[in-house]
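# Chains, contacts and geometry: an overview
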Amino acid sequence: MYKEILHQTEQRKALLIAVSKTHPVDSILKLYNQGQRHFGENRVQEMLEKHESLPQDIQWHLIGHLQTNKVKLIAPFVAMIHSVDSLRLLEEINKQAVKNNRSIDCLLQFHIALEESKFGLTEAEAIELLESPLFTSLRNIRMCGVMGMATYTDDQEHVRNEFKHLRGLFESLKTRFFSDKPYFKEISMGMSGDWQIALEEGSTMLRVGSLLFGSRS
Ligand SMILES: *Cc1c(COP(=O)(O)O)cnc(C)c1O
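Structural notes, computed from the coordinates. Bear in mind that the values here come from a model prediction, so they are computed numbers and not experimental data.

A separate point is the layout of surface pockets. Put simply, the largest pocket is a space of about 840 Å³. For the lining of the largest pocket, the secondary structure elements donating two or more residues are β5 (104-110), α8 (156-177) and β8 (205-208). Of the residues assigned to the lining of the largest pocket, the class counts are 13 nonpolar, 13 polar and seven charged. As for the second largest pocket, its lining consists of 13 residues, and the residues nearest its centre are Phe 135, Thr 136, Phe 178, Lys 181 and Tyr 183. Examining the composition of the lining of the second largest pocket, we find that three residues originate from one element, strand β6 (residues 141-148), more than from any other. Looking at the lining of the second largest pocket residue by residue, the classes come out as eight nonpolar, two polar and three charged.

With that settled, consider unusual backbone geometry. A positive phi angle, close to 60 degrees, is found at Lys 13, a residue other than glycine. With respect to the helices and strands, Lys 13 occurs in the loop between α1 (2-11) and β1 (15-19). What makes Lys 13 exposed here is its relative accessible area of 76%. Of note, Thr 22 is a non-glycine position whose phi angle comes to about 70 degrees, a positive value. Tracing the backbone through its elements, the reader meets Thr 22 in the loop between β1 and α2 (25-32).

Moving on to the packing of helix α6 (residues 123-131) against α8. Each pair of packed helices can be summarised by the angle the axes make with each other and by the distance between the axes. Direction vectors running N to C along α6 and α8 enclose 25 degrees, while the axes themselves pass 12 Å from each other. In terms of orientation, α6 and α8 fall into the roughly parallel class. The handedness of the crossing between α6 and α8 is right-handed. For the pair formed by α6 and α8, the contact residues are Glu 123, Ile 127, Leu 130 and Glu 131 on the first element and Leu 169, Ser 172, Leu 173, Arg 176 and Phe 177 on the second. Residue composition of the contact of α6 with α8, grouped by class: five nonpolar, one polar and three charged.

This next bit is on the packing of aromatic side chains. In the structure shown here, the tally under the stated rule is four aromatic pairs. Taken together, Phe 170, Phe 177, Phe 178 and Phe 184 form an aromatic cluster joined through their ring pairs. Stacked on the ring of Tyr 32, the Lys or Arg Arg 37 has its end atom at 3.6 Å from the ring centre.

Calculation rules
Residues numbered from 1 in each chain as written. Predicted model: local features only at pLDDT ≥ 70, side-chain atom pairs only at ≥ 80, totals over all residues. Heavy atoms only, no water. 1 Å grid on protein atoms, 1.4 Å probe; cavity = no way out; pocket = protein on both sides within 12 Å on 5 of 7 lines; lining within 4 Å. Points joined across faces, edges and corners; volume = space filled by probe spheres on them. Helix = DSSP H or I, 4+ residues; strand = E, 2+ residues; numbered from the N terminus. Nonpolar A, V, L, I, M, F, W, Y, C, P; charged D, E, K, R; others polar. Buried < 20%, exposed > 50% of the residue type's maximum accessible area, 1.4 Å probe, protein only. Axes fitted to C-alpha atoms, helices over the stretch in contact; angles between N-to-C directions. Parallel < 35°, antiparallel > 145°, perpendicular 65-115°, else oblique. Left-handed = near helix turned anticlockwise from the far one by under 90°. Contact = heavy atoms within 4.5 Å. Phe/Tyr/Trp six-rings, centres within 6.5 Å; stacked < 30°, edge-to-face > 60°. Lys NZ or Arg CZ within 6 Å of the ring centre and 35° of its normal.

Right, dumping it as structure tokens:
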């Protein structure tokens, strides 16, 4: 399955992130030995432990909700934070990036699904964030694009429309705020159940877990 997903992802010039949450380091090493370097985790503590015991050239993507007080733990090494949904969090990421003398790549997480969720921005909230002078003053973060999760449903057209919506948000933010920022180019969407639809709708980053590692207990 890995080779098949990887092949289709590469054909679309997208990046495959293997979501390894709950799975042991042995399973990660198996994919690592096949060439996989980008892995995703949704919990800070688990990412920290895996980062310490696995090869240092792994690129770790934080894809789950991030509490402000935990940013400092991953700031030295995290490759990208997909789940930014407040200016306060962004401010803290910038502060910890400064302390580590680096820049940290981030995505704005949007709430595009029908399911209730505390996480993810609306378009209006994102615009308010991006218009604030504080945002413009953050020099050690790079806002690289958007992230979203579709509704968990068998209705493929519904999922497709949510991905189209996220892509539309990306395009309008790109035009309005990032037209001179070539690094604002990522649309992180697509999981085990909907990765093919996501690729068709312009995903640049798939986050696939159970299809690669088996189901989580
Ligand atoms: C767990 C998770 C995934 C991967 O889910 P699968 O259905 O196992 O592929 C992707 N994105 C986020 C944000 C997740 O929490």
